[in-house]
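Observations on chain architecture
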Amino acid sequence: MVQCTQGTIIAAPNFDAGRDAEILRKAMKGFGTDEQAIINVVANRSNDQRQKIKAAFKTMYGKDLIKDLKSELSGNVEELILALFMPSTYYDAWSLRHAMKGAGTQERVLIEILCTRTNQEIREIVNCYKSEFGRDIEQDIRADTSGHFERLLISMCQGNRDENQTVDYQKAQEDAQRLYQAGEGKLGTDESCFNMVLASRSFPQLKATVEAYSRIANRDLLSSIDREFSGNVERVQCALNRPAFFAERLYYSMKGAGTDDSTLIRIIVTRSEIDLVQIKQMFTQMYQKTLATMIASDTSGDYRRLLGVGYTAND
């Protein structure tokens, strides 16, 4: 039942943090910056290895690698490289904080992170949010969202979803029946029933529930949810077919005029060691073009090169 997934980035063999730190120091020393040398190191190391390079750099030179990189780089290349050097839990917490900071909330970022991470990851993100930003993520969610969406996100923050990968088809049938009665089957919608199922069932169990629902209602659960709670489909979609969910987010980050670089960077970085291989395959299937082709036509220079080296090459 459990699908095998793989990232495009794997730990470099014969890794030497000190040697990499030296290469980065040389690339930034003196007049001008050797971006290519930085890209060669950063794009071909795992996140864990990058943390070790950061520590080695400080030990060897008494300087903060991130501060040095910030002073040498700018724009999208800077954002991408800094993202790659953040420990993954911190990057998720940082992305959530930025999604709720200032005017307007980037709801899609909240969905993308809180609805796709494991229980353990969510608990670590919640703790990191508190320790790094001195804030309570639940309070921030309450202040920035409302209604059904707010309650679902608060449920997600508990990190208590059932993670048993075995599907109980009887329970799926019962849940589907309850969802039908809570939504389609009556006037008004009992959103607490939807919330309970969406937030607590395992992802394989949710998938079985969706299939059972379409047999009962002769309608897709996604379209029912879209009708009952407009705009909340994504949360179920990311549970049903995660590679398709991320492929679609990547596609729309580049489609049309301009590029939503933050989304492009966030998804490539966060999925690069998890399931970017499957996301790339799904992307080609859904859009009849490779992710690499679309990134190449939408980006340029070092930014394009860095995205291409370890992340989307070999399409």
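Values in this document were obtained by computation on a predicted structure and should not be read as measured data. (Residues numbered from 1 in each chain as written. Predicted model: local features only at pLDDT ≥ 70, side-chain atom pairs only at ≥ 80, totals over all residues. Heavy atoms only, no water.)

The secondary structure content of the protein chain amounts to 20 helices and zero strands. A burial count over the protein chain gives 49% of its 315 residues as buried. At a minimum sequence separation of 6, the contacts of the protein chain that also span at least 24 residues come to 72%. Surface exposure of the protein chain reaches about 14900 Å², of which carbon and sulfur atoms provide 47%. (Helix = DSSP H or I, 4+ residues; strand = E, 2+ residues; numbered from the N terminus. Buried < 20%, exposed > 50% of the residue type's maximum accessible area, 1.4 Å probe, protein only. Contact = heavy atoms within 4.5 Å. Areas by Shrake-Rupley, 256 points an atom, 1.4 Å probe, with all protein chains shown as cover.)

Further remarks concern the packing of helix α7 (residues 107–114) against helix α10 (residues 147–157). Two elements in contact, α7 and α10, have axes whose closest approach is 10 Å; the angle formed by their N-to-C orientations is 30°. Once α7 is placed against α10, the crossing between them reads as left-handed. For the pair α7 and α10, the contacting residues are Glu107, Leu110, Ile111 and Leu114 in the first and Phe149, Leu153, Met156 and Cys157 in the second. When grouped by side-chain class, the residues that make up the contact of α7 with α10 number seven nonpolar, no polar and one charged. (Axes fitted to C-alpha atoms, helices over the stretch in contact; angles between N-to-C directions. Left-handed = near helix turned anticlockwise from the far one by under 90°. Nonpolar A, V, L, I, M, F, W, Y, C, P; charged D, E, K, R; others polar.)

The first and last C-alpha atoms of helix α1 (residues 17–28) sit 17 Å apart over twelve residues, in line with the 16 Å expected at 1.5 Å per residue. Burial in α1 covers these residues: Ala17, Asp20, Ala21, Leu24, Ala27 and Met28. Within α1, the buried residues cover an arc of 125° as seen down the axis, which keeps them to one side. Those residues of α1 hidden inside the fold are in contact with α2 (35–42), α3 (47–61), α4 (65–72) and α5 (75–85). Among the residues of α1, the N-terminal cap falls to Asp16, whose side-chain oxygen and the backbone nitrogen of Gly18 are separated by 3.0 Å. Where α1 terminates, the next one or two residues include Gly30, which has phi positive at roughly 75°. (Expected span 1.5 Å × (residues − 1). Arc of directions from axis to C-beta. Polar contact = N/O pair within 3.5 Å; in protein donor to acceptor, adjacent residues only side chain to side chain.)

Helix packing for two helices is described by the angle between their axes and how far apart those axes are. Orientation of helix α6 (residues 88–100) relative to helix α9 (residues 137–144), taken along the N-to-C sense of each, is 30°, at an axis distance of 10 Å. As the angle between them shows, α6 and α9 are arranged roughly parallel. Along this stretch, α6 crosses α9, giving a crossing that reads as left-handed. Judged by residue contacts, Leu96, Arg97 and Met100 of α6 engage Ile137, Asp140, Ile141 and Asp144 from α9. The residue makeup of the contact of α6 with α9, split by class, is four nonpolar, no polar and three charged. (Parallel < 35°, antiparallel > 145°, perpendicular 65-115°, else oblique.)

Right, let's talk about the environment of Tyr90 for a bit. Summarising the element assignment, Tyr90 is placed in helix α6. When its relative accessible area of 25% is taken as the criterion, Tyr90 is described as partly exposed. Taking the C-alpha atoms as reference points, Tyr90 and Glu124, 34 residues apart in sequence, are found 8.9 Å from one another. Apart from the residues within four sequence positions on either side, Tyr90 is in contact with Cys128, Glu132 and Phe133.

Turning our attention to the nonpolar core. With 90 residues, the main nonpolar core has Leu24, Ile38 and Leu69 as its most contacted residues. Discounting chain neighbours no more than four positions away, the residues touching Leu69 are Met28, Ile38, Ile81, Leu82 and Phe85. (Core = buried A, V, L, I, M, F, W, Y, C linked by side-chain atoms within 4.5 Å.)

Time to look at helix α11 (residues 169–182). In a regular helix each residue adds 1.5 Å, so 14 residues correspond to 20 Å; α11 covers 20 Å between its end C-alpha atoms and thus fits that length. Taken as a whole, α11 has its buried residues at Ala172, Asp175, Ala176, Leu179 and Ala182. In a view along the axis of α11, the buried residues occupy a sector of 130°, so they form one face of it. At the N-terminal end of α11, a side-chain oxygen is found 3.1 Å from the backbone nitrogen of Gln170, two or three residues along, and the residue is Asp168.

Once that is clear, we can look at the layout of surface pockets. Space inside the second largest pocket adds up to approximately 220 Å³. Around the second largest pocket sit Lys54, Ile66, Lys70, Glu79, Leu82, Ala83, Phe85, Met86, Pro87, Tyr90, Tyr91 and Trp94, which together line it. For the lining of the second largest pocket, the secondary-structure elements that each account for two or more residues are α4, α5 and α6. The element contributing the most residues to the lining of the second largest pocket is α5, with four residues. (1 Å grid on protein atoms, 1.4 Å probe; cavity = no way out; pocket = protein on both sides within 12 Å on 5 of 7 lines; lining within 4 Å. Points joined across faces, edges and corners; volume = space filled by probe spheres on them.)

Tallying each qualifying case throughout the model produces 15 salt bridges. Among the salt bridges present, the one from Lys58 reaches Asp64, with a minimum N-O distance of 3.8 Å. Note that Arg142 and Glu150 form a salt bridge whose closest N and O atoms lie 3.8 Å from each other. Assessed through its relative accessible area of 16%, Glu150 is described here as buried. Each member of the salt-bridge network shares a partner with another, and the members are Arg97, Arg135 and Asp140. (Salt bridge = Lys/Arg side-chain N within 4 Å of Asp/Glu carboxyl O.)

Our next topic: the side chain of Asp175. By the element assignment, Asp175 lies in helix α11. In contact with Asp175, not counting residues within four places along its chain, are Val197, Arg201 and Thr209.

Take the confidence of the model for the protein chain next. Taken over all residues, the pLDDT of the protein chain has a mean of 89, while the share at 70 or more is 89%. Ranking the helices and strands of the protein chain by mean pLDDT puts α3 first, with 98, and helix α15 (residues 233–240) last, with 69. (pLDDT = per-residue confidence, 0-100.)

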